[in-house]
2 protein chains.
Amino acid sequence: MGVVIPLEEGKNKPASVKPLVDLTKADMERVNQLILSKAGSDVQMIPEVANHLISSGGKRLRPMLTLASASLFGYQGDHHVKLATSVEFMHTATLLHDDVVDESDLRRGKSTARMIWGNQASVLVGDFLLGQAFRMMVDVGSMEALDVLSAAASVIAEGEVLQLSVAKNMETTEDDYLSVIRAKTAALFAAAAEVGPIIANADKSSRSALRSYGMNLGLAFQLVDDALDYGGKAADLGKNVGDDFREGKITLPVILAYRRGTEGERAFWREAIENGESSEENLEKALGLINKYGALNDTIGRALHYGTMARDALAPLPASLLKAALLEVIDFSIQRVN
Amino acid sequence: MGVVIPLEEGKNKPASVKPLVDLTKADMERVNQLILSKAGSDVQMIPEVANHLISSGGKRLRPMLTLASASLFGYQGDHHVKLATSVEFMHTATLLHDDVVDESDLRRGKSTARMIWGNQASVLVGDFLLGQAFRMMVDVGSMEALDVLSAAASVIAEGEVLQLSVAKNMETTEDDYLSVIRAKTAALFAAAAEVGPIIANADKSSRSALRSYGMNLGLAFQLVDDALDYGGKAADLGKNVGDDFREGKITLPVILAYRRGTEGERAFWREAIENGESSEENLEKALGLINKYGALNDTIGRALHYGTMARDALAPLPASLLKAALLEVIDFSIQRVN
């Protein structure tokens, strides 16, 4: 079930997130400090729960986007570190709440916080992190950044509710699904990238460019994540092939295989996803159908489309190491699947 | 500046709208009768203005979508003829108002109504047709169809206003532009296709499938229209290459060429579009830049993406001549460019 993504012409090494990591290294150390300090509380359970997830090895791509997008416009102050930390806290809060809503046992190969401290603690520590995120944003004092990030917070929540309403519903269309991931994933990428030019007092077109870059990168990123769940290098990334299937999650590979299938195959999907018949045997069958209909390849094809849009969004900006690093993240996000 | 769209494997003739025309022929004759009768009025100027545009040789793709999408679900009554006529009137009203807003002299190679009867008549006859459209919808008596079509009417108007706000603004992003065409063009395609299953009492997933088909077909259709304006078979279709350029309209070929251009090239675009320096010499230069950056090919690439989404939206429906005809319209809409 290998999906081959062509490398860009003239490049003979795979795209990497390393240039972005290197360019934001000094600022990210400050973000990591601030994460630890702002996740602190006299209520001992709070740092325990928060750090469990915080220390579990996420890439911290979102705060790096904020830092890079501020530096891209010559920002010199301290606010980008606070906003980047806010963005990461919003993301962490979402993960804590998601695991409760999805009743997940594992995340990135570790027990979820809810399995160790329970659902209530996970919900409330998520709320605490969201509260801390807002305090840091307010502290920065930019009404425009507050506007962008608080709008993202409610859009993410809307996306989660929308996801509930499509959950285990095999009639979910690709458009429905795009609305979900646009809200649930891409909106935070967009906000993370947009607040950089905002605090750097860049012009409106730069804000639009970074917002559009983040939004389309987020869509590509989520689509590849969904493809990875059914193949590619899932194991290397701490994911198990078929997790989404076992949880009855509707993602694009499943939507495409379902819609393109025969009546008998569609009955299988409904049985498997809507009635939760997610045995290993059924997973094998599901993988076979996804393969039969080229659904994984076409999911990656969709991701490439959004990747191209993200690239064109940044096109007008002058060449720089930071810009090149942001562009490389697009390719990296898509090539993860190989 | 030829853009080559591969034909589907195993097919050796180009896609055509003819199967859809043939399958809806009997019903379309009734639609055409109803169009003439409902455009009638004792106020003599109304049928004159209305018929000027109505008789100018549009394909009437939108009402055909309504007829086909009702028949696809076995609809047997008369309501689809009225709704199809409503859809065409909504479209005609938009064109009348558009020509006023854009101060257009020509449409489909003929003088626009505003050039013959003036702006006021064009605005008011548009309003009259919109009113007639609503009366026919109400006459049908389906609250759900009314809901879908009236929502489309306000979304279209929103799209037009949005377009005003991005007009002659070279900083318009691809996302901004997509919002415009989604509202201005694709929303009516979506509504036209969705009301079919509604009056046929088809299930919710069939409604979503047809809506999604219409929406993505509409996006593909508009993107190809925009590409045609800068090349392809524009002349065969009663369009002049460069009309959009002369009117300072921002479409995707221009957005891509602008964003990918050098600082000097961007200055040229601003001068040409924002300051209206649209001489034939500048049009030549614009065409050269669009070619240099592959902007026409990539616009078609975007259209192919939405075409694929439209195709997958219909995938679950059982095979039939009508379904095949609707799918062929997707390819037809895109291959127009060759």
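Residues numbered from 1 in each chain as written. Chains lettered and ligands numbered in written order. Predicted model: local features only at pLDDT ≥ 70, side-chain atom pairs only at ≥ 80, totals over all residues. Heavy atoms only, no water.

For the rest of this paragraph, the subject is the overall build of chain A. Within chain A, the regular secondary structure consists of 16 helices and two strands. The C-alpha atoms of chain A give 20 Å as radius of gyration, which agrees with the globular expectation for 338 residues (20 Å, within 12%). Expressed along its principal axes, the backbone C-alpha trace of chain A runs to roughly 60 × 55 × 30 Å. In chain A, which comprises 338 residues, the share counted as buried stands at 57%. (Helix = DSSP H or I, 4+ residues; strand = E, 2+ residues; numbered from the N terminus. Rg over C-alpha atoms; globule rule 2.2 N^0.38 Å. Buried < 20%, exposed > 50% of the residue type's maximum accessible area, 1.4 Å probe, protein only.)

With that out of the way, let us pick up the nonpolar core. Tyr-213 and Trp-269 of chain A together with Tyr-213 and Trp-269 of chain B are the most contacted members of the largest nonpolar core, which has 220 residues in total. Excluding residues within four positions of it along the chain, Trp-269 of chain A makes contact with Met-170, Phe-245, Val-254, Ala-257, Tyr-258, Glu-274, Ala-286, Leu-289 and Ile-290 of chain A. (Core = buried A, V, L, I, M, F, W, Y, C linked by side-chain atoms within 4.5 Å. Contact = heavy atoms within 4.5 Å.)

Another point: the interface of chain B and chain A. Every contact between the two is made by 23 residues of chain B and, on the other side, 23 residues of chain A. Both sides of the chain B and chain A interface together cover about 2100 Å² of buried area, and 49% of this is carbon and sulfur. Along the contact surface separating chain B from chain A lie four salt bridges. Here Arg-260 of chain B and Asp-312 of chain A are joined by a salt bridge, their closest N and O atoms 2.5 Å apart. (Buried area = accessible area lost by both parts, 1.4 Å probe. Salt bridge = Lys/Arg side-chain N within 4 Å of Asp/Glu carboxyl O.)

This next bit is on the packing of helix H3 (residues 45–54) of chain B against helix H5 (residues 79–101) of chain B. Residues and elements named next belong to chain B. Relative to each other, H3 and H5 sit at 100°, their axes nearing to 11 Å. Accordingly, the angle class assigned to the pair H3 and H5 is roughly perpendicular. Contacts between H3 and H5 involve Val-49, Leu-53 and Ile-54 on the former and, on the latter, Phe-89, Thr-92, Leu-95 and Leu-96. Taken together, the residues that form the contact of H3 with H5 break down as six nonpolar, one polar and no charged. (Axes fitted to C-alpha atoms, helices over the stretch in contact; angles between N-to-C directions. Parallel < 35°, antiparallel > 145°, perpendicular 65-115°, else oblique. Nonpolar A, V, L, I, M, F, W, Y, C, P; charged D, E, K, R; others polar.)

Turning our attention to the packing of aromatic side chains. Summed over all chains, the structure comprises six aromatic pairs over all chains. Pairing Phe-245 of chain A with Trp-269 of chain A gives two aromatic rings, centres 6.4 Å apart and planes at 75°, and the pair type is edge-to-face. Of the two residues, Phe-245 of chain A is situated in helix H11 (residues 243–246) and Trp-269 of chain A in helix H13 (residues 263–274); the sequence distance between them amounts to 24 residues. Between the NZ or CZ atom of Arg-266 of chain B and the centre of the ring of Tyr-258 of chain B, over which it lies, the distance is 5.9 Å. Looking at Arg-336 of chain B, its charged tip hangs above the ring of Phe-221 of chain B, at a distance of 4.1 Å from the centre. (Phe/Tyr/Trp six-rings, centres within 6.5 Å; stacked < 30°, edge-to-face > 60°. Lys NZ or Arg CZ within 6 Å of the ring centre and 35° of its normal.)

Here the focus is the side chain of Lys-184 of chain A. Tracing the backbone through its elements, the reader meets Lys-184 of chain A in helix H9 (residues 174–199). We note that Lys-184 of chain A is buried and unpaired, the nearest opposite charge coming from Asp-98 of chain A at a distance of 5.0 Å. (Lys, Arg positive; Asp, Glu negative; His and termini not counted.)

Another aspect to go through is unusual backbone geometry. Residue and element names in this part refer to chain A. A positive phi is found at Arg-60, a non-glycine position, where the angle reads about 55°. The residue Arg-60 is located in the loop between helix H3 (45–54) and helix H4 (61–71) in this model. Exposure remark for Arg-60: the relative accessible area of 17% places this residue in the buried category.

Tracing the sequence through the fold places Gly-58 of chain B in the loop between H3 and helix H4 (61–71). Separated by 34 residues in sequence, Gly-58 of chain B and Thr-92 of chain B have C-alpha atoms that sit 9.8 Å apart.

A side chain with one charge can pair with a side chain of the opposite charge if their charged atoms come near. Residues and elements named next belong to chain B. Tallied over the full model, the rule gives 48 salt bridges over all chains. The partner of Asp-102 in a salt bridge is Lys-249, with the nearest N and O atoms 3.7 Å apart. Note that Asp-102 is positioned in the loop between H5 and strand E1 (106–107) and Lys-249 in the loop between helix H11 (243–246) and helix H12 (252–260), a separation of 147 residues in sequence. The closest approach of N and O atoms between Arg-266 and Glu-263, which form a salt bridge, is 3.0 Å. Placement of both Arg-266 and Glu-263 in helix H13 (residues 263–274) is noted, with a separation of three residues, approximately one turn of the helix.

Right, let's talk about the relation of the copies chain B and chain A for a bit. Note: a rotation about an axis with an accompanying shift along it relates these two copies of the chain. Rotating chain B by 180° and moving it 0.0 Å along the rotation axis overlays it on chain A with an RMSD of 0.0 Å. Expressed as a symmetry operation, the mapping of one chain copy onto the other fits a two-fold axis. Closest to the rotation axis within chain B is the C-alpha of His-305 of chain B, separated from it by 3.6 Å. Comparing contact sets, 100% of the residues at the interface of chain B also lie at the interface in chain A, consistent with an isologous, same-surface contact. (Least-squares fit on C-alpha atoms with pLDDT ≥ 70 in both.)

With that out of the way, let us pick up the confidence of the model for chain A. Considering every residue of chain A, the mean pLDDT works out to 90; 94% of them sit at 70 or more. Averaged pLDDT values over the elements of chain A bottom out at 82 in strand E1 (residues 106–107) of chain A and peak at 98 in H4 of chain A. (pLDDT = per-residue confidence, 0-100.)

Residues and elements named next belong to chain A. Along the chain, the position of Val-87 falls in helix H5 (residues 79–101). According to the relative accessible area criterion, Val-87 is buried, its value standing at 0%. Counting along the chain gives 43 residues from Val-87 to Leu-130, while the straight-line C-alpha distance between them is 9.4 Å. Once you skip the residues sitting within four places of it in the chain, Val-87 turns out to touch Arg-62, Pro-63, Thr-66, Leu-149, Leu-188 and Ala-192.

Residue and element names in this part refer to chain B. End to end, helix H8 (residues 143–166) covers 34 Å across 24 residues, agreeing with the expected 34 Å (1.5 Å per residue, within 8%). For H8, the set of buried residues is Ala-145, Leu-146, Val-148, Leu-149, Ala-152, Ala-153, Ile-156, Gly-159, Glu-160, Gln-163 and Val-166. Among the residues trailing H8, Lys-168 stands out with phi positive, at a value near 55°. (Expected span 1.5 Å × (residues − 1).)

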